[in-house]
Amino acid sequence: MTIFLTITVIVLVFLVIFQIAKASEYVGILKGEKETRQQANKINGFLMVGFLVLGLIGLYWCDELLFKKTLLAHPSASVQGEKVDSILWITLVITGVVFLITQILLFWFSFRYQEKENNKPFFFPHNNKLEVLWTVVPAIVLTVLVIIGLRDWFYFTGDAPKNAMVVEITGKQFGWIFRYPGEDGILGKKFFKEIDPATNSLGLIWKNDSTLHLKDDPATHDDIVMEQTLYLVKGKPVKFIIGSRDVIHDVGLPQFRLKMDAVPGIPTTMWLTPKYTTEEMRKITDNPNFDYEIACDQLCGNGHYSMKGIIKVVSQEDFDVWMAKQKPYYYLAFPDKDPDNKKVDSTAKPTMAAGQLMNKAVAKN
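Values in this document were obtained by computation on a predicted structure and should not be read as measured data.

A. Fine view of the pattern of salt bridges. All chains considered together, the criterion is met by 14 salt bridges. Its salt-bridge partner being Lys190, residue Glu168 comes within 3.0 Å of it at the nearest N-O pair. Note that Glu168 is positioned in strand S1 (residues 165–172) and Lys190 in the loop between strand S2 (175–180) and strand S3 (224–227), a separation of 22 residues in sequence. Under the relative-accessibility criterion, Glu168 is labelled buried at 7%. A cluster of three or more residues bridged by salt bridges with shared partners is formed by Glu168, Arg179, Lys190 and Asp223.

Okay, structure coming up:
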């Protein structure tokens, strides 16, 4: 019933508009074409000015209402992101000024130069000075912006500082896998045919395989692998080595103002330096539940919407404590080779032996 009433109302509205248009057409014929056109232009001129005023008020209102919900309301969480914010603000100022000038002139001209009895139009088909002005000036401005953008891009994707920590980020449908080098400081080798979602999510080379010409890589034995939560250190540069396990993903770091494609078989890199810990940013944003996020900025399948990870930025001390609690991925896959397990076994055996001796003594008695 509701759908029927809605359709009926829509049809009636169209009929009313149609009848008003026809009535206006008949009135115009009775008044005369010229007089009707001038009256219509006058009305349209006033409407243009009204639309301009309301539009500027709406623009200001939207800025007041929504600006605090944007990323620009808070500082960049990385040193490199400051450069992105800088070029973005420059672009917004330039395009904003041009937008306001052109729109104000557009609507004002529609009112100021409407058709009147004593107004005579002036036509000029071509003007070399104007053509040069509105071609050369935008070209120069855009060229400068592109050069600044390229300079910053080469900075983000260039060589990271020598003291930078290294983290490998791998995208998958639909989540993120993070890998840290162990005590040797080297990320071990991997091969896609070794991937096992249950025990070897990255395909680390842990065994010899003559058919695939693979040799066990000891550098993989101490690598730390985590999923969905990435830990970084405040003030310490970090180099990301980015890849994908299946389709194209995109490492989106909105609070850090950076992003990079994750492409299967083609590692990409970028680096950044976190400025604020998670706790500090919670105070800055006045949001006790704030967390940095890593999102996929590339449509990658039905579960794309759920591909979100968490980034924890902590102090060096807290990071060291967290890292000390982590167990190499190799030992999770092969618990029998974990030295900690062997220690437990070695301490447990004498206890069992003592128990057996006690049982024998009791049996003899």
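On we go.
B. Region of the structure containing helix H5 (residues 278–285). Along H5, the positions that sit buried rather than exposed are Thr278, Met281, Arg282 and Thr285. Down the axis of H5, the buried side of the element spans an arc of 110°, and every buried residue falls inside it. Looking one or two residues past H5, Asp286 carries a phi angle of roughly 55°, positive in sign.

C. A look at the state of the cysteines. Applying the stated criterion across every chain, the model contains zero disulfides. Lacking any disulfide linkage, Cys296 is separated from the closest cysteine sulfur, that of Cys300, by 3.8 Å. Accessibility expressed as a relative area gives 7% for Cys296, which makes it buried. Taking the relative accessible area as the measure of exposure, Cys300 reaches 5% and is therefore buried.

D. Structural view of the packing of aromatic side chains. Across all of its chains, the model carries 19 aromatic pairs by this definition. Measuring from centroid to centroid gives 6.1 Å for Tyr180 and Phe319, while their planes differ by 55°, and the two rings are tilted. Of this pair, Tyr180 sits in strand S2 while Phe319 sits in helix H6 (residues 316–325), placing them 139 residues apart in sequence. Owing to a relative accessible area of 8%, Phe319 belongs among the buried residues under this scheme. An aromatic cluster of at least three residues, connected via ring pairs, comprises Trp206, Tyr329, Tyr330, Tyr331 and Phe334.

E. Quick peek at the sheet that holds strand S9 (residues 292–296). Strand order in the open sheet formed by five strands is S4-S10-S9-S6-S7, and the pairing between neighbours is mixed. Of all the strands in the sheet, the pair left with one neighbour each is strand S4 (229–233) and strand S7 (258–262). Between one strand axis and the next, the sheet turns by 25° as a mean value, whatever way the strands run. Across five bridges, strand S6 (residues 249–253) lies against S7 in antiparallel orientation. Note that in S7 the partner of Leu253 across the bridge is Leu258. H5 rests against S9 and strand S10 (308–314) of the sheet, and its axis sits at about 100° to S10.

What counts, and at which threshold
- Residues numbered from 1 in each chain as written.
- Predicted model: local features only at pLDDT ≥ 70, side-chain atom pairs only at ≥ 80, totals over all residues.
- Heavy atoms only, no water.
- Salt bridge = Lys/Arg side-chain N within 4 Å of Asp/Glu carboxyl O.
- Helix = DSSP H or I, 4+ residues; strand = E, 2+ residues; numbered from the N terminus.
- Buried < 20%, exposed > 50% of the residue type's maximum accessible area, 1.4 Å probe, protein only.
- Arc of directions from axis to C-beta.
- Disulfide = S-S within 2.5 Å.
- Phe/Tyr/Trp six-rings, centres within 6.5 Å; stacked < 30°, edge-to-face > 60°.
- Pairing = 2+ DSSP bridges.
- Axes fitted to C-alpha atoms, helices over the stretch in contact; angles between N-to-C directions.
- Contact = heavy atoms within 4.5 Å.

No statement about biological role is implied by the geometric values presented.
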